[in-house]
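Letter by letter, the chains look like this.
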Amino acid sequence: MMAKVYQGQLSASGRKFGIIISRFNEFITTRLLEGALDCILRHGGSEENIEVVWVPGSFEIPVTAQNLAQSGRFDALICLAAVIRGGTVHFEYVAAEVTKGIAQVGLQTGIPTLYGVLTCDTLEEAIERAGTKQGNKGWQTALNAVEMADLWRGLKK
Ligand code: INI
């Protein structure tokens, strides 16, 4: 008797994704968005199944993600932002609230809500994770969203 094993495949075909993205540090976040879109499209997703919602800052992401999750339109949500210590004295508060908030949306709604938020000490660290030395956090987060969307479909069957 073999155990029944569930795991998500990396196929985005027919799956609907919502991307919530912060304008704050837009220099960085636009690169995260490009990465996320590239990843979904290269895994068989289509533009008509993707909605992108811009919010002013990362603090506005959780409530917006909650709104989208409750709409029932999406297989997974992808939250993209950059919180950079160099730019703010309230870095810890903003980063902690956004992180907790995004986790809560996933738990309360049951929709996979992926965390693509850079929390960096410097702008250089953020650049490294937005399409240079350390890859692109938007791309990686989208890949995890693709996997979770497929996993959820499998669990529902
Ligand atoms: N928002 C960010 O997304 N990243 C930051 O680094 C940041 N800093 O530095 O403060 C930031 N602040 C704005 C915040 O997210 C809200 O938009 C604002 O406080 C209004 O609620």
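All of the points below concern the structure found in this document.

Reading the values: rules and limits
Residues numbered from 1 in each chain as written. Predicted model: local features only at pLDDT ≥ 70, side-chain atom pairs only at ≥ 80, totals over all residues. Heavy atoms only, no water. Near = heavy atom within 4 Å. Polar contact = N/O pair within 3.5 Å; in protein donor to acceptor, adjacent residues only side chain to side chain. Helix = DSSP H or I, 4+ residues; strand = E, 2+ residues; numbered from the N terminus. Nonpolar A, V, L, I, M, F, W, Y, C, P; charged D, E, K, R; others polar. Contact = heavy atoms within 4.5 Å. Buried < 20%, exposed > 50% of the residue type's maximum accessible area, 1.4 Å probe, protein only. Pairing = 2+ DSSP bridges. Patch = residues over 30% accessible without salt bridge, like charges linked within 9 Å, V, L, I, M, F, W, Y side chains within 5 Å. Areas by Shrake-Rupley, 256 points an atom, 1.4 Å probe, with all protein chains shown as cover. Salt bridge = Lys/Arg side-chain N within 4 Å of Asp/Glu carboxyl O.

Our next topic: the site of the ligand. Neighbouring the ligand are Ser22, Phe24, Asn25, Gly57, Ser58, Phe59, Glu60, Ala82, Val83, Ile84, Thr88 and His90. Taking Asn25, its side chain carries an N or O atom lying 3.4 Å from an oxygen atom of the ligand. Here Phe59 contributes a backbone N or O atom positioned 3.0 Å from an oxygen atom of the ligand. By residue number, the principal contributor to the shell around the ligand is strand E3 (residues 76-84), which donates three residues. In the shell around the ligand, the residues fall into five nonpolar, six polar and one charged.

Tracing the sequence through the fold places Ala126 in helix H4 (residues 123-128). When the C-alpha positions of Ala126 and Ala36 are compared, they lie 16 Å apart, and in sequence the two are 90 residues distant. In contact with Ala126, not counting residues within four places along its chain, are Ile28, Ile84, Leu118 and Cys120.

In this section: the pairing of E3. Of all nine residues making up E3, nine are buried, and the element is well covered by its neighbours. Side chains Ala76, Ile78, Leu80, Ala82 and Ile84 project from E3 onto one buried face, and the interleaved Leu77, Cys79, Ala81 and Val83 project onto a second face that is buried too. Examined bridge by bridge, strand E1 (residues 17-22) and E3 share five bridges and lie parallel to one another. By the bridge assignment, Ile20 is partnered in E3 with Cys79. In terms of strand pairing, E3 meets strand E4 (residues 113-120) through eight bridges, oriented parallel. The partner of Leu80 across the bridge, within E4, is Gly116.

A cluster of nonpolar side chains, Phe27, Leu123 and Ile127, forms an exposed patch at the surface whose accessible area comes to about 300 Å². Residue position: Phe27 is located in helix H1 (residues 26-42). The class of Phe27 is exposed, set by a relative accessible area of 62%.

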